[in-house]
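An overview of the molecular structure
Spelled out from the first residue to the last, the chains are:
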Amino acid sequence: MESKSLCCIDCRWCWKDDRATDYRRPPFFFCRKKGSFYSRNYRIGEGTRISPTQPVCEKFSPRTKEEES
């Protein structure tokens, strides 16, 4: 068993939206398993937007070695 607790960033469904914007805001994270609508206007925990450090949910699936790179 791993010594660290798993977070959303460890899940294969976590998507880091780091596309360049005019406002140069930091990256946003979304759960692809919660739906296909990704809005930066969502607050964390609302819709598909998540915090990369929040504990995993029941939809968690670990990243494969290829997805980690």
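A brief report on the enclosed structure follows.

Rules used in this analysis
Along each chain, the written sequence defines residue order, and numbers are assigned to residues from 1. The predicted nature of this model means local features are confined to residues of pLDDT at least 70 and side-chain atom pairs, given and counted, to a pLDDT of 80 or more, with totals for whole chains, interfaces and linings taken over all residues. Water and hydrogen atoms play no part in the side-chain values, which are based on all heavy atoms of the structure. A simple rule labels every residue: compare its accessible area, found with a 1.4 Å probe on the protein chains alone, to the largest value its type can have, and call it buried under 20%, exposed over 50%, or partly exposed in between. Only DSSP runs of H or I covering at least 4 residues are called helices, and only runs of E covering at least 2 are called strands; the numbering of each starts at the N terminus. One bridge is not enough; two strands pair if DSSP finds at least two bridges between them. The disulfide criterion is simple: two cysteine sulfur atoms within 2.5 Å.

1. A few points about the pairing of strand 2 (residues 28-31)
The side-chain alternation of strand 2 yields two buried faces, one formed by Phe28 and Phe30 and the other by Phe29 and Cys31. Two elements, strand 1 (residues 14-17) and strand 2, share four bridges in a ladder whose sense is antiparallel. Residue pairing across strands places Cys14 opposite Cys31, the latter belonging to strand 2. Looking at chain direction, strand 2 and strand 3 (residues 49-50) are connected through two bridges and run antiparallel. Bridge pairing links Phe30 to Arg49 in strand 3.

2. Observations concerning the sheet that holds strand 1
Strand order in this open sheet of three strands is 1-2-3, and the pairing throughout is antiparallel. Two strands close off the open sheet at either side, each with one partner strand: strand 1 and strand 3.

3. Some points on the state of the cysteines
For the structure shown, the criterion picks out zero disulfides. The structure places no disulfide on Cys14, whose sulfur is separated from the nearest cysteine sulfur, that of Cys8, by 6.4 Å. Judged by its relative accessible area of 7%, Cys14 is buried. Among the cysteines around Cys31, which has no disulfide bond, Cys57 carries the closest sulfur, lying 5.6 Å off. Judged by its relative accessible area of 7%, Cys31 falls in the buried class.

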